[in-house]
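Examining the three-dimensional arrangement
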Amino acid sequence: MVTAIDLTETALFKNFAEITTDDIYVDLHNEFDCYSIDYLQKQGQLSLSFKASKNNSRTIQHVELIFKNVTVELMNFKIDNSNSEWTIDTIYRGRFADQNDGLGEISNQGKYYYYINFYADYSFEVFSDSVIAELKS
């Protein structure tokens, strides 16, 4: 079974590494491991795929965060061969520096700005017009 949750307009600066709906709770930080990050330029899509870790006792076993119509603004990786795990730290919608040296929430193209941070100093910053979480049992 697949449940889709729209995270596009999550409140500013609210970390959605924890996803809560009526009867679903997902903790990407403590109960899941990121195993794949895929960027498909032709489709304009960035996907982060997570699988349940040994700490997960819930029914959700797989989560995919899909950023659609995405523009990657920043990617930062500090290479450290001793750390092969990718644990999400924070992921949230935030503000960005606009053309007038101010802070914007939505670009002229109608895209929001998202910060994606992993432990071990891996990070992305992207513009995207939608973010969908697909949860699979």
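For the structure given in this document, a descriptive report is provided here. (Residues numbered from 1 in each chain as written. Predicted model: local features only at pLDDT ≥ 70, side-chain atom pairs only at ≥ 80, totals over all residues. Heavy atoms only, no water.)

Regarding the environment of Tyr122
What counts, and what does not: Working definition: helices are DSSP H or I runs of at least four residues, strands are E runs of at least two. Numbering for both runs from the N terminus. Only protein chains enter the accessibility calculation, which uses a 1.4 Å probe; a residue whose area is less than 20% of its type maximum is buried, one above 50% is exposed, and one in between is partly exposed.
Along the polypeptide, Tyr122 turns up in strand E12 (residues 122-128). The exposure class of Tyr122 is buried, given its relative accessible area of 5%. Along the backbone, Tyr122 and Phe96 are 26 residues apart, and their C-alpha atoms lie at a distance of 19 Å.

Quick look at the nonpolar core
Buried together is how nonpolar side chains tend to be arranged in soluble globular proteins. Counted only if it meets this: Only buried Ala, Val, Leu, Ile, Met, Phe, Trp, Tyr and Cys residues count toward a nonpolar core, and they belong to the same one when joined by side-chain atoms within 4.5 Å. Working rule for contacts: check all heavy atoms of both residues, and any pair within 4.5 Å makes them a contact.
Grouped together as the largest cluster of nonpolar side chains are 31 residues, with contacts concentrated most on Leu28, Leu65, Phe67 and Ile116. Those elements that provide at least two residues to this core are strand E4 (32-40), strand E5 (45-52), strand E6 (62-68), strand E8 (88-94), strand E11 (112-118), E12 and strand E13 (130-136). Once residues lying within four places of it in the same chain are set aside, the contact partners of Leu28 are Phe16, Ala17, Ile19, Phe50, Val63, Leu65 and Ile88.

So, the sheet that holds E13
So the rule is basically this: Strands pair, by our definition, only if DSSP identifies at least two bridges between them. Interaxial angles span 0 to 180 degrees and are taken between N-to-C directions of axes, which are lines fitted to C-alpha atoms, for helices over the stretch in contact.
With antiparallel pairing, five strands are arranged side by side in an open sheet as E1-E13-E6-E5-E4. Edge strands, defined here as strands with exactly one partner in the open sheet, are strand E1 (2-6) and E4. The mean inter-strand angle of the sheet, taken between neighbouring strand axes irrespective of direction, is 20°. Strand direction decides the pairing type here: E5 and E6, joined by seven bridges, are antiparallel.

Quick word on the pairing of E4
Here E4 runs beside E5; their pairing, made up of eight bridges, is antiparallel. From the neighbouring strand, Asp33 faces E5, where its bridge partner is Lys51. Linking E4 back to E5 in an antiparallel pair, the connection comprises four residues, with Gly44 at a positive phi of about 65°.

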